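A look at the structure
Letter by letter, the chains look like this.
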Amino acid sequence: MSETMANDYLDCLLNALPADSRNSGAQDTLDWLRRLRNEAIDQAGRLRFPTVKDEEWRFTDVSPLAKLPYKPAQKTNALRLSDIQPFCIAESAHRLVFVDGFFSPGLSRLSEDDQFVIGNLTAPALTKAPLAEAHLGQHVQFRDNFFAALNTAFLQDGALIVLPENCAVSAPIHLLYIATQEQTTQYPRCLLIGERSSQATVIEDYVALGANTYITNSVAEFSLADNAQVNHIRVQRESGNAFHLASSAVALEQGSQYRSVSITLGALISRFNLDVEFNAQAAECAIDGLAMITGRQLADTHTRIDHAKPHCTSHQQHKCIVDDSSHAVFNGKIIVRPHAQRTNSSQSSRNLLLSGKAQIDTKPQLEIFADDVKCAHGATVGQLDNEEIFYLKSRGLNELTARNLLTYAFGAEILDRIPVPSLKHTLEQAILNQTTQNS
Amino acid sequence: MNINQNPIILNVDNLHASIQDTEILKGINLTVRSGEIHAIMGLNGSGKSTFAKVLAGHPDYHVTQGSIQYEQQDLLELSAEERAQAGVFLAFQYPIEIPGVANSQFLRLAYNTVQAKRGKEELDPLEFDDFVREKMKLLEMKPDFLDRSVNEGFSGGEKKRNEILQMALLEPKLGILDETDSGLDIDALKIVAKGVNHLHNTDNAIILITHYQRLLDHIVPDFVHVMEAGRIIKTGGKELALELETHGYDWIHNDQKRAAGAST
């Protein structure tokens, strides 16, 4: 892609910025937020649109996106509760709904007497503004991430969750990002601040009404203070024609625990970056992922775990199931810094090719600069095992059912780690349907 | 040895089979009538397990010569799943683990698939649960067995019991047990044997593939066949297993040489 096209793309996008972005006269925008956005606009102008010549984007050609400088989505109030009912999660007591990136109080479910803060990040009456200011845009590296910079430049609404010290939220918090508009870009955002010894489960859920073509450019930041524990379930079930570009950044303080399961089912082209930073000792993370794609889908997952401090533990299992002409990419970087002794890290990338035309590119990357560490990694790419198929056939199942069951089982191992039964069940059904459809 | 006039379930005639152009089975002849238990013994590499897999329809093995008649059908015309549906059951030497699929789901899927093909009633999850728990008692299996993933993390004994449980559910006409005794302690062996004896009746037949006599103390065969180099080289009653145990496999060679000498 030519330089000119990329510049045109950016000009086109920046022209679409809301009028108040660079105008200090608007009353309803918080000063600090405006400053952050302006910085991001400058960064986006400085950064290039990534091409396959960039090492980080070798396998993922996002040039089709540059031809679609979709304008930001507009705020609508057209949705009713019944429209989002299919996406609701029974166990979740708290729900924040964003329609095309805009907060919808009417569709959300919040209770008054909450022990914790949950609401729209950019609400003028935000009680936790200083805290939000201290964290927003500080964890995700938008200074060298073009799409994160764009997200920040266009930041309108977003989910803010602040868990006060010792606060344990038992029911899962559901963040539902729903896309409804054709040929637009939405910029969802999420910021979670877990103070000391707090606990919560958060579901970050990207869905669509209809088969629209649109762009989701999302950023999520998680900051966990000492001994905080957060489960993060990320579900990307966008329209099959959508483009999904997302960055998550996780900052972990002493003794904190972050567990995430990221499920990728939708979008024509998707790219998910997950960065975990150990900022203090004895923290732990478990990050698991499953991408199950078909047709001409491309799903790219880039993760980076930075063991900057000693005595931290990270476990990662990433699985891809690719059918038809789809293409999955996994790049898992683990950095163990010189002083990060007693690091314990494991990573496994397992991939299942269901078709001769499908493609997998997997690249575990360990960069170890400390000498007293335990690090294990492995990557496999394979087809369904003939002995396993024979076993099932010898129990009366036909070839197709046997294959579907084994494919399902391959994915279900990751789904099993989702601690929300109804969501787990919904996703199991989605995977079962996909396996049966594709055959 | 019984004189049995029951219908023939399986008739194997001059069976030759290869894997990747290497001939493993070199002319097996075997007739199995309903109500019978046959033991096939032999050293490692004699072709016992290959024979079991060929009977069950493993796609890696190619039959190059001979025939297998099963219940008046040409077994070789049937795919592995059709054989299972028709009542051929192979208890695996190394059962496959399927992480992510609950044992209960798998068992019900197999049961209902086979029931439907046989024109019999399928069971919903609740009915099946009652049904399978009843069968599990026979094998002294704990209820949590149903919730665990198929064979995942099962001990050797648990895997083998799970195989016999599947046999109990699928009610085969011909049960083939491939080294079901290997890796079992004596208690597990007794439980498995009790299960097999319970399932055996005058309408079905069982082929036991084993290295050792000890299984045959608990499941008493009507016939014992000794395999070597892809052929059955000797057939006898249950006492043949005891003789093998005492004299070793070499004894057969000497015995055969004597027989060969006598006939010329």
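Nothing here was measured: the structure is a model prediction, and the numbers come from that model.

Things to note about helix α8 (residues 399–415) of chain A
Under the 1.5 Å per step criterion, the end-to-end length of α8 of chain A is 24 Å for 17 residues, consistent within 8% with the ideal 24 Å. For α8 of chain A, a buried count of twelve out of 17 residues is recorded, marking the element as mostly surrounded by other parts of the structure.

Re the confidence of the model for chain B
Mean pLDDT over chain B: 92, with 96% of residues reaching 70 or higher. Considering each helix and strand of chain B separately, the mean pLDDT is smallest for helix α9 (residues 250–263) of chain B, with a value of 70, and largest for strand β6 (residues 88–91) of chain B, with 98.

Some remarks on the interface of chain B and chain A
Counting residues at the interface gives 31 residues for chain B and 20 residues for chain A. Counting each side, the surface lost to burial between chain B and chain A is near 2,000 Å², with a carbon and sulfur contribution of 69%. On the chain B side of the interface with chain A, the three residues burying the most area are Glu81, Phe92 and Ile96 of chain B, jointly 25% of the side's total. There are two salt bridges connecting chain B and chain A. A salt bridge links glutamate 81 of chain B to lysine 393 of chain A, with the nearest nitrogen and oxygen atoms 3.7 Å apart. Among the secondary structure elements, those contributing two or more residues to the side of chain B that touches chain A are α1 (48–56), α2 (80–85), β6, β7 (98–102), α3 (103–117) and α5 (156–170) of chain B. In terms of residue count, the dominant contributor to the side of chain B that touches chain A is α3 of chain B (six residues). For the side of chain B that touches chain A, the per-class residue count stands at 18 nonpolar, eight polar and five charged.

Describing the packing of α5 of chain B against helix α6 (residues 186–199) of chain B
All names here are of chain B. Between α5 and α6, the least distance of the axes is 10 Å, while the angle of their chain directions is 10 degrees. In terms of orientation, α5 lies roughly parallel with respect to α6. Here α5 contributes Arg161, Ile164, Met167 and Ala168 to the contact with α6, which in turn contributes Ile191, Val192, Gly195, Val196 and Leu199. Within the contact of α5 with α6, the residues separate by chemical class into seven nonpolar, one polar and one charged.

Considerations on the layout of surface pockets
Approximately 650 Å³ is the volume attributed to the largest pocket. Around the largest pocket, the lining comprises 28 residues; the ones closest to its centre are Glu56, Asp144, Asn145, Arg271 and Asn273 of chain A. With five residues, the top contributor of residues to the lining of the largest pocket is strand β12 (residues 243–252) of chain A. Residue composition of the lining of the largest pocket, by class: nine nonpolar, eleven polar and eight charged. Volume-wise, the second largest pocket comes out at about 540 Å³. Along its surface, the second largest pocket is lined by 22 residues, and Leu405 of chain A together with Ser104, Gln105, Arg108 and Leu109 of chain B are the ones closest to its centre. For the lining of the second largest pocket, the secondary-structure elements that each account for two or more residues are α8 and α9 (421–438) of chain A together with α3 and α4 (125–138) of chain B. Tallied by class, the residues present in the lining of the second largest pocket amount to eight nonpolar, nine polar and five charged.

Looking at the pattern of salt bridges
Residue and element names in this part refer to chain A. Going through the model one piece at a time under the given rule, you end up with 30 salt bridges over all chains. Between aspartate 226 and arginine 196 there is a salt bridge; the shortest N-O distance is 3.4 Å. Placement of aspartate 226 in the loop between β10 (215–224) and β11 (229–237) and of arginine 196 in the loop between β8 (189–194) and β9 (199–208) is noted, with a sequence separation of 30 residues between them. Judged by relative accessible area, arginine 196 falls into the partly exposed class, the value being 42%.

Remarks on the packing of helix α2 (residues 31–46) of chain A against helix α6 (residues 146–153) of chain A
Residues and elements named next belong to chain A. In the contact formed by α2 and α6, the axes pass within 8 Å of each other and the chain directions differ by 145 degrees. Between α2 and α6 lies a crossing whose hand is left-handed. Contact residues: Leu36, Arg37, Ala40, Ile41, Gln43 and Ala44 in α2; Phe146, Ala149, Leu150, Thr152 and Ala153 in α6. Here the contact of α2 with α6 is built from residues that sort into eight nonpolar, two polar and one charged.

Here's the deal with the packing of aromatic side chains
Residues and elements named next belong to chain A. The final tally for this structure, using the stated rule, is 16 aromatic pairs over all chains. Taken together, a centroid distance of 5.5 Å and an interplanar angle of 65 degrees make the contact between phenylalanine 49 and phenylalanine 146 edge-to-face. One end of the pair, phenylalanine 49, is in the loop between α2 and α3 (63–66); the other, phenylalanine 146, is in helix α6, and 97 residues separate them in sequence. Both residues of the pair, phenylalanine 49 and phenylalanine 146, count as buried. Each ring, one from tyrosine 177 and one from tyrosine 206, has its centre 4.9 Å from the other, and the planes form 15 degrees; the classification is stacked. Of this pair, tyrosine 177 sits in strand β6 (residues 173–179) while tyrosine 206 is found in strand β9, placing the two residues 29 residues apart along the sequence. Accessibility assignment for this pair places tyrosine 177 and tyrosine 206 in one class, buried.

Cut-offs used in this document
- Residues numbered from 1 in each chain as written.
- Chains lettered and ligands numbered in written order.
- Predicted model: local features only at pLDDT ≥ 70, side-chain atom pairs only at ≥ 80, totals over all residues.
- Heavy atoms only, no water.
- Helix = DSSP H or I, 4+ residues; strand = E, 2+ residues; numbered from the N terminus.
- Expected span 1.5 Å × (residues − 1).
- Buried < 20%, exposed > 50% of the residue type's maximum accessible area, 1.4 Å probe, protein only.
- pLDDT = per-residue confidence, 0-100.
- Contact = heavy atoms within 4.5 Å.
- Buried area = accessible area lost by both parts, 1.4 Å probe.
- Salt bridge = Lys/Arg side-chain N within 4 Å of Asp/Glu carboxyl O.
- Nonpolar A, V, L, I, M, F, W, Y, C, P; charged D, E, K, R; others polar.
- Axes fitted to C-alpha atoms, helices over the stretch in contact; angles between N-to-C directions.
- Parallel < 35°, antiparallel > 145°, perpendicular 65-115°, else oblique.
- 1 Å grid on protein atoms, 1.4 Å probe; cavity = no way out; pocket = protein on both sides within 12 Å on 5 of 7 lines; lining within 4 Å.
- Points joined across faces, edges and corners; volume = space filled by probe spheres on them.
- Left-handed = near helix turned anticlockwise from the far one by under 90°.
- Phe/Tyr/Trp six-rings, centres within 6.5 Å; stacked < 30°, edge-to-face > 60°.

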